[in-house]
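Descriptive structure summary
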Protein chains: 2
Amino acid sequence: MASPHRVIVVGGGFGGLNVVHKLRRAPVQVTLIDRRNFHLFQPLLYQVATGGLSPANIASPLRAVFRRQANAEVVLGEVTHIDAAEKKVILRDAQITYDTLVIATGVSHQYFGHDEWEPFAPGLKTIEDATAIRARVLTAFEEAERERDLARTRAWLTFVIVGGGPTGVELAGMLCELANETLRGNFRHINPADAEILLIEAADRLLPGYPVKLSAKAAHSLEQLGTLVRVNTRVTDIQDGLVTVESGGQTEVIATHTVLWAAGVQASPLGKALADSTGVALDRAGRVMVEPDCSVARHPEIFVIGDLANLRCSDGKPLPGVAQPAIQEGRYVAKLIAARLKGKSLPPFEYRDLGSLATIGRHAAVADLGRLKLSGWLAWWIWLLVHLLNIVQYQNRVLVLIQWAWNYFTRNRSARLITESAADRNASTLPAADPP
Amino acid sequence: MASPHRVIVVGGGFGGLNVVHKLRRAPVQVTLIDRRNFHLFQPLLYQVATGGLSPANIASPLRAVFRRQANAEVVLGEVTHIDAAEKKVILRDAQITYDTLVIATGVSHQYFGHDEWEPFAPGLKTIEDATAIRARVLTAFEEAERERDLARTRAWLTFVIVGGGPTGVELAGMLCELANETLRGNFRHINPADAEILLIEAADRLLPGYPVKLSAKAAHSLEQLGTLVRVNTRVTDIQDGLVTVESGGQTEVIATHTVLWAAGVQASPLGKALADSTGVALDRAGRVMVEPDCSVARHPEIFVIGDLANLRCSDGKPLPGVAQPAIQEGRYVAKLIAARLKGKSLPPFEYRDLGSLATIGRHAAVADLGRLKLSGWLAWWIWLLVHLLNIVQYQNRVLVLIQWAWNYFTRNRSARLITESAADRNASTLPAADPP
C-alpha cells in the first residue's frame, strides 16, 4: 500500500480545526501543528479579560479534540519557514514533509508603526493577553482605592479603549458592567461607577463593518451604559500615563493608566515566510493574496485560510476577520483535498454570510442577519445561543452557560483574579505608586 | 464618639478570613491586608496543578467576600515591617496604625538550604505555582511525544514528587490519573500510561502525621494507581534533568525533567519582622512561638495564627499545617478581641481535632476522624463533601461540583492549558529540545 497523502495544517484556530475535522474520513494522514496545546474560542476572549469567564472555559486541548480521529496527529511546535520546492515545513527543531499544506495562523494586533505603544496599550489575542488585561484593569481600581490625590485617582479610574470594532465595543460594554455592577460596594474610598470608559474610533462610526443603523444602536447602548464614545478621533501618542488624541484638528491629552488596544491587525509572520518561498503577493497588512479556491498562485497544493488569507467575495468585498469565513474556508479546503484525491475538482469557494453579532451588555447586542437587522434583547439572546452552540467542547458549553447564568442573576463575576508571572511576582506585588 | 478600635489582619488565608468575618458585629474597624486580591482555597490547589480545576474555581476575590461587611476594609499591599512600639504596620508605600494586630501570613516551601534546587523542583503554594506546574507536566508529555530517543523519552516520562505528606500524596494520585486516564489516546508516539511517577519520602512511611494503618492504605492505593512509592529515601541533589536520591546507603541517579517539591515549609518573612520588633522567639522553621491565647509574649495586642504560629496543643503536640487550626484560631482570636473590648477575657485556645483527610484518586482517600479511621470510597466521598462545603463562595461550590462530576464521569479534564507569562512566550514556545 502506498503511504497516505500527507496533509499538514498549521494553526489550530477555527480554520485549522475545521480542515482537520472534515478530513476525518478522507484517505489522508493529517498533522496539525500549533504553538499552543489548545484551541481558543477567541470570540469570548474579552470575557476572560473582564473576569467573567476562566481561561479554561474557552480553551479546548487540541489533543483532546482529536483524540478519536485516528488519521490526525497533533504536533506542538512553531513553524518558522516553508520550503515550497521541497514541500517541507521547518520547525525550530524539526522538518516535516507534506503533500498538501494548509496555513491558518491568523493575525495578531499591530500598532500602525508605533510598536513603542505596546507596553502601555496591550492588545487582546491570547489567553495571556486576557489575564494580563484583567490584572491591569483590576489593579487600576486597586490603585484608585489607595490614592488620595483626586487627579491621580481620576487617572486610575480612566479607561481608554482604542478601536470601535466588535472587540472594542464588547470590551467597553463589559468594563461598564464591571464598574457599575460587579465592583459595586467592593471599595471604601472610591465608587467604581465613577470610572470613565472612553471608546475611541478613527472612523465616523462604531462597528464600521455593520449597517449604519446598527452602529448607531450600538453607540446608543454603550452611552446608556456609561461609555463615552468618541468617533472621528485618532490616537496620536501613547505614553506611560497619557494618551493623546486628535479630533477635528483639536488635540487632547487624557491622563490614564489603562489603555486597551483593539485597533489594527497584522498578519502572522508565516505569511511573509510563505511569500519568501513561493513569491505569492501579500496585502498591506501582510495577508496572503489567495486564489478563488484559497490556494496559493502556482502552488495548488498550498492553501491559506482564515484571517491570514486575503480572499475577495464574488462582490469584491473583503471577508470580515471573524470566525465564520475561517470555518467555511476550512471546510471547503478539506472537501477540495478529498475531491482531488478522487481526481475531481470543486467550484471556487463561496462565502455564505450568516450575519454578524456583537454584544454590548446585559440585554444589549446588535445582529446583522442579512435582511434581518436586530438590536436589543432579542439580538442579545441570539448572540448568547450562537456562542454557546459554537464552543468546541460540550463541557465548556455547560460550564459557560452556568457561569453566565450566575453572572446574569447575581451581576457578580468570580474570575476577578490578579495573577502574574512568577518573575513579576518576585519583583513586586503592585506597580509602585507614589506615597499617599 | 471615640474612634473605634482598629484591628489590622495581615493575610487573607483561612486564619485571616475567619478573624475578619467573626468580627463583623464587634465595635471595631477591621483592615485586612493581603498581597493578593483573592482568598485561595489551598487544599484544592493540586487539582489546578493537574488540570482538573481552573484557578478561579478555588479563588474568591477578597473584596467580594467582604463587600457587605461595613466594618471591614480590604487593602492590597505587602507588609514589610512591624513597629510594635508605635503600633504600626509598614507597607511598601504606606503605614497603618492598629490597636490590635493579627498576623496570618502562613508559610511557603523551603529547600532545606538548597535554594539552587528551586528552578528544577517548583513547589505548590500559589495559583502561579499551580499553573506553572500544570504547564511543566503537560510539556513533559509533549516533549516525550516529540522525542525519538528511548532514554530521553523515558526521562521526559519520569515524574518525581519529593515529599510524602498530603500534598505529595494528592499530586501523585492525580498525576497517575492524568497519565492513565485523562491523556489516554491523546498521543500517537507514546503511551502516557508508560509514565513513571515516583513519590519520595524521607520518613519510613507516607503521611507521617496520620495513623500507621492509614499510611499503609495510602501507599497501597497509590501503588495500585501506578505510583512507585519510595520511603526511607532522601533527595541529595537536584540538577537540570537529574535527581539523586539516597536510601539505605545506596545512591541512585534518576533521569527526569519534572520534579515537584512537596517537602519542607518555611515561615513567611513576617515572622522574622515580628521577632525583630518584639523579640518574640521563632522556631527552627521561622514560625512564631505564641502564648496559649495565640498572642505574642509581652504584646497581648498582637496575635499570630495559622501556619505561621507555633502553638502546642494541651498534649504538647504541634498543630498540623492545615486549614482547621487556622480557622479555629481565627475564630478564637476574633472572640477574644470582642471579649476584651467588653473588659472580659477568655480561657486559652483549645484545638478541636476534626480529623484529617487526604485523597489519592477516584474512590480512594484516607480519613482520620478521631476514633473513626476510614479509607476507600467512603473516605473519598467524605473528602469530597467536606471540601465542597468549605469553599468560600457558593458559586465556586456549584462550579467545582459540576467540574468534578464531569471529570468523574468522563475521566477527562478540561483545564489542561499550557500557559506562560508573556515574557516566556516571546522567548520560545517550548523549552528547547535536542534535535531528534
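Residues numbered from 1 in each chain as written. Chains lettered and ligands numbered in written order. Predicted model: local features only at pLDDT ≥ 70, side-chain atom pairs only at ≥ 80, totals over all residues.

This part is about the overall build of chain A. Regarding its fold elements, chain A presents 12 helices and 25 strands. Computed over its C-alpha atoms, the radius of gyration of chain A comes to 23 Å, within 12% of the 22 Å expected for a compact globule of 436 residues. Viewed in the frame of its principal axes, chain A has a C-alpha envelope of about 75 × 55 × 45 Å. The 436 residues of chain A split such that 53% are buried. Of the contacts formed within chain A by residues at least 6 apart in sequence, a portion of 63% connects residues at least 24 apart. (Helix = DSSP H or I, 4+ residues; strand = E, 2+ residues; numbered from the N terminus. Rg over C-alpha atoms; globule rule 2.2 N^0.38 Å. Buried ≥ 20, exposed ≤ 12 C-beta atoms within 10 Å, placed from the backbone. Contact = placed C-beta atoms within 7 Å.)

All names here are of chain A. Its 14 residues place the ends of helix H7 (residues 212–225) 20 Å apart at the C-alpha level, agreeing with the 20 Å of an ideal helix rising 1.5 Å per residue. On its buried face, H7 sits against helix H6 (166–182), strand S12 (196–200), strand S13 (227–230), strand S23 (356–361), strand S24 (364–369) and strand S25 (372–375). Among the residues trailing H7, Gly-226 stands out with phi positive, at a value near 115°. (Expected span 1.5 Å × (residues − 1).)

So, on to the domain arrangement of chain A. As assigned here, chain A comprises domain 1 (5–35 + 77–108 + 265–341) and domain 2 (115–263 + 357–427). The C-alpha centroid of domain 2 of chain A is placed 32 Å from the C-alpha centroid of domain 1 of chain A. (Domains from an automatic or database assignment.)

Let us now look at the sheet that holds S24 of chain A. Residue and element names in this part refer to chain A. What the 3 strands build is an open sheet, ordered S23-S24-S25; its pairing is antiparallel. The open sheet has two edge strands, S23 and S25, and neither has a second partner. Along the sheet, successive strands turn relative to each other by an average axial angle of 5°, direction set aside. As paired elements, S23 and S24 share 5 bridges and run antiparallel to each other. When the bridges of S24 are listed, Leu-357 appears paired with Ala-367. Packed onto the sheet, H7 meets S23, S24 and S25 and runs at close to 15° relative to S23. (Pairing = 2+ DSSP bridges. Axes fitted to C-alpha atoms, helices over the stretch in contact; angles between N-to-C directions.)

With that settled, consider the sheet that holds strand S5 (residues 72–76) of chain B. Residues and elements named next belong to chain B. Here we have 6 strands laid out as an open sheet, ordered S5-S2-S1-S9-S21-S20, and mixed in their pairing. Among the strands making up the open sheet, the edge pair consists of S5 and strand S20 (295–296). As defined by bridge partners, strand S1 (residues 5–10) adjoins strand S2 (residues 28–34) across 6 bridges and the pair is classed as parallel. Residue Arg-6 lies in a different strand from S2, and its bridge partner there is Gln-29.

All names here are of chain B. At a minimum axis separation of 9 Å, helix H6 (residues 166–182) and helix H7 (residues 212–225) run at an interaxial angle of 25°. Relative to H7, the element H6 lies roughly parallel. In this structure, H6 crosses over H7, and the sense of that crossing is left-handed. Residues Val-169, Ala-172, Gly-173 and Cys-176 of H6 touch H7, and the partners they reach there are Ala-218, Leu-222 and Leu-225. Residues belonging to the contact of H6 with H7 are distributed by class as follows: 6 nonpolar, 1 polar and no charged. (Parallel < 35°, antiparallel > 145°, perpendicular 65-115°, else oblique. Left-handed = near helix turned anticlockwise from the far one by under 90°. Nonpolar A, V, L, I, M, F, W, Y, C, P; charged D, E, K, R; others polar.)

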